Amino acid sequence: MVTARELDGLEPEFVSDVRDDDHWHSVTPAQGDALRAWMRANSIEPNDVYRIETYTMDCAFARVFAYARTEHGQFVLDCPPDDSEHRPHRGRCSPVKREPYITMLASRPPELAP
């Protein structure tokens, strides 16, 4: 299995990053649906992913950057302490990111498929 250290210096073949507005403004709804279907077909939960990079060495694989979930499936949030009046956080929480992981791929992303 490929390790994160082996990826240092390699350029990914494909990158999808939710923080990249230029990328997502150019993606059609059909392309977004195809990308999410591809992720699910490769056992990657698209609702958890904020960035994915694909590579090919001896085989196709991805480095997946995802948000953490609890054992009950809820997103883990990093929230500031409540104020003295115990008011809700009002959107000041941030999702906790899990360590990126590497997974083998059964297929390449739709944009890279031959």
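Up top is the structure these notes are about.
Residues numbered from 1 in each chain as written. Predicted model: local features only at pLDDT ≥ 70, side-chain atom pairs only at ≥ 80, totals over all residues. Heavy atoms only, no water.

Q: Got a minute to help me understand the environment of Glu111 in this structure?
A: Take Glu111: it is sitting in the segment after β6 (101-104). Along the backbone, Glu111 and Ala34 are 77 residues apart, and their C-alpha atoms lie at a distance of 9.3 Å. Setting aside anything within four residues of it in sequence, one finds Glu111 in contact with Phe14 and Leu35. (Helix = DSSP H or I, 4+ residues; strand = E, 2+ residues; numbered from the N terminus. Contact = heavy atoms within 4.5 Å.)

Q: What am I meant to see in the sheet that holds β6 here?
A: Within a sheet, neighbouring strands are paired by backbone hydrogen bonds and run either parallel or antiparallel to one another. The strand order across the open sheet formed by 4 strands is β1-β2-β3-β6, and the pairing between neighbours is antiparallel. The open sheet terminates on both sides in strands that have one partner only, identified here as β1 (14-17) and β6. Across the sheet, the mean angle from the axis of one strand to that of its neighbour is 20 degrees, orientation sign disregarded. As judged from the 4 bridges shared by strand β3 (residues 60-66) and β6, these two strands associate in the antiparallel manner. (Pairing = 2+ DSSP bridges. Axes fitted to C-alpha atoms, helices over the stretch in contact; angles between N-to-C directions.)

Q: Quick question: what am I supposed to make of the pattern of salt bridges here?
A: Taken as a whole, this structure holds 6 salt bridges when the rule is applied. One salt bridge connects Glu13 with Arg108, and the closest N-O pair in it is separated by 4.0 Å. Pair noted here: Glu13 is in the loop between α1 (4-7) and β1 and Arg108 is in the segment after β6, with a separation of 95 residues, a long-range link. Arg108 gets classed as partly exposed once you look at its relative accessible area, which sits at 36%. Ionic pairing is found between Arg63 and Glu53, a salt bridge with its closest N-O pair at 3.0 Å. Taken together, the residues span a long stretch of sequence, with Arg63 in strand β3 and Glu53 in strand β2 (residues 49-56) at a distance of 10 residues. Given the relative accessible area of 5%, Glu53 is considered buried. (Salt bridge = Lys/Arg side-chain N within 4 Å of Asp/Glu carboxyl O. Buried < 20%, exposed > 50% of the residue type's maximum accessible area, 1.4 Å probe, protein only.)

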